Amino acid sequence: MKSIYVVMHHRKDDLEGLAYQLVRALTEAGITVFAEPWLLRRLERRKDIPLAQGDPNYCEAVLSVGGDGTFLRANAIAVGYGLPILGINLGTVGFLAEVEWEQLVEACRSLAMEEYNIRRRMMLAAMLESYTPGRQKTWYALNDVVLSRGGYSRLIGVHAAVNGQDVGRFIADGLIVATPTGSTGYSLSAGGPIVHPDVECILLTPICAHSLQHRPVVAAPDHQVELMLDETYTTRGVQCSVDGQEVVILQPGERLLVTRAPFDALLIETQPQSFFTTIRLKLAEWSR
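Presented here is an overview of the structure given in this document.

Enumeration over the complete set of coordinates arrives at 14 salt bridges. The salt bridge involving Arg120 is made with Asp264; its shortest N-O contact spans 3.2 Å. With Arg120 in strand 6 (residues 117-129) and Asp264 in strand 17 (residues 255-269), this pair connects stretches of sequence that are 144 residues apart. On the basis of relative accessible area, Asp264 is assigned to the buried category, the value being 16%. Of the charged contacts, one joins Arg260 and Asp264 as a salt bridge, the two residues approaching to 3.3 Å between their closest N and O atoms. If you follow the salt bridges from partner to partner, you end up with Glu16, Arg42, Arg46 and Asp48 in one network.

Along helix 4 (residues 104-112), the residues that are buried comprise Leu104, Ala107, Cys108, Ser110, Leu111 and Ala112. One or two steps after helix 4, the chain reaches Glu114, where phi turns positive at roughly 55°.

Here we come to the nonpolar core. In this structure, Ile4, Val6, Met8, Leu26, Leu63 and Val65 are the most contacted members of the largest nonpolar core, which totals 33 residues. For this core, the elements supplying multiple residues, two or more each, are strand 1 (3-8), helix 1 (15-28), strand 2 (32-35), helix 2 (37-43), strand 3 (62-66), strand 4 (85-89) and helix 4. If one sorts the elements of this core by residue count, helix 1 sits on top with seven residues. One finds Val145, Leu227, Val238 and Leu256 within the second-largest nonpolar core, a separate group that totals 28 residues.

With that settled, consider the pairing of strand 17. Sheet analysis places strand 6 next to strand 17, joined by 12 bridges and oriented antiparallel. In the sheet register, Asn117 faces strand 17, and the bridge partner there is Glu269. Looking at chain direction, strand 14 (residues 225-229) and strand 17 are connected through four bridges and run antiparallel. Along strand 17, the bridge assignment pairs Leu227 with Leu256.

To continue, consider helix 1. The end-to-end C-alpha distance of helix 1 is 20 Å, a good match for the 20 Å that 14 residues give at a rise of 1.5 Å each. Within helix 1, the full set of buried residues consists of Leu15, Gly17, Leu18, Ala19, Leu22, Val23, Ala25 and Leu26. Contacts made by the buried residues of helix 1 are with strand 1, strand 2, helix 2, strand 3 and helix 4. Trailing helix 1 by a residue or two, Gly30 shows a phi angle of about 90°, which is positive.

Following the criterion strictly, the structure yields three aromatic pairs and no others. Between Phe34 and Tyr58, the ring centres sit 5.9 Å apart and the planes meet at 10°, which makes this aromatic pair stacked. Residue Phe34 is found in strand 2, and its partner Tyr58 is found in the loop between helix 2 and strand 3; the two are separated by 24 residues along the sequence. Exposure remark for Phe34: the relative accessible area of 9% places this residue in the buried category. Between the aromatic rings of Tyr140 and Phe263, the centroid separation amounts to 4.9 Å while the plane-to-plane angle is 55°, which identifies the pairing as tilted. With Tyr140 in strand 7 (residues 137-141) and Phe263 in strand 17, this pair connects stretches of sequence that are 123 residues apart.

Along the polypeptide, Ala107 turns up in helix 4. Using a relative accessible area of 4% as the deciding quantity, one classes Ala107 as buried. Distance from Ala107 to Leu26, taken between C-alpha atoms, is 9.1 Å for residues 81 residues apart in sequence. Among all residues touching Ala107, those that are not within four sequence positions of it are Val99 and Thr270.

Conventions used here
- Residues numbered from 1 in each chain as written.
- Predicted model: local features only at pLDDT ≥ 70, side-chain atom pairs only at ≥ 80, totals over all residues.
- Heavy atoms only, no water.
- Salt bridge = Lys/Arg side-chain N within 4 Å of Asp/Glu carboxyl O.
- Helix = DSSP H or I, 4+ residues; strand = E, 2+ residues; numbered from the N terminus.
- Buried < 20%, exposed > 50% of the residue type's maximum accessible area, 1.4 Å probe, protein only.
- Core = buried A, V, L, I, M, F, W, Y, C linked by side-chain atoms within 4.5 Å.
- Pairing = 2+ DSSP bridges.
- Expected span 1.5 Å × (residues − 1).
- Contact = heavy atoms within 4.5 Å.
- Phe/Tyr/Trp six-rings, centres within 6.5 Å; stacked < 30°, edge-to-face > 60°.

In structure tokens:
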């Protein structure tokens, strides 16, 4: 690998010092470093941090430096250009990032020598169907699509169906539709199962459901999940977020269709890792 596009967390302490270490490790490995526009502007006065100008079209991969939020933002760029992505973890837990900061130099050498594997992770496509002109749109998620009450003062009602078959009406703070990758994120916090990423499926996890009969549901990866607001219970719009970013307010009468995306995320693996070992270590760190 000869060139890489860097996406970095905006608000890290000593950002310039971290950027210097990162770029030095990459350039010493023989990799040209491109960076997103805000980072270029931030570091333009630092002659000791050589950054090339250009978009990801000039690169062979995307490098995320930060936590899971940064990784999800970087992955949106990566899939847009059909590039693989590697995460360097600077966050507290970092389920998505494979490499810890202390392993930076070794990871850069692996990239330069092309000593890595690429693992495919399924993604979701969330399509809004609306009678209002101009509101139809599709978003893509590596982790999850979430309907939540946001600033709404009471629980919301969401009708869910899978392949046209009624799953039920969820009276809850919200409903999460997650990938196996997203099973270790918000879905896990809401009581959903941990799913190995090789087990392709779609998870439906209610958030603080009013009834104990509402449990997480696992659907096949080729199923279509249909979500609609219960208009007798929820009379105003609710927040729809994709990979942690609010994208639209779902209004009564609109449908949100969630299916497998037509493409996968491409995650770079520089060293073989056991999924269950990673989960065990990360959850132990999370509980401190």
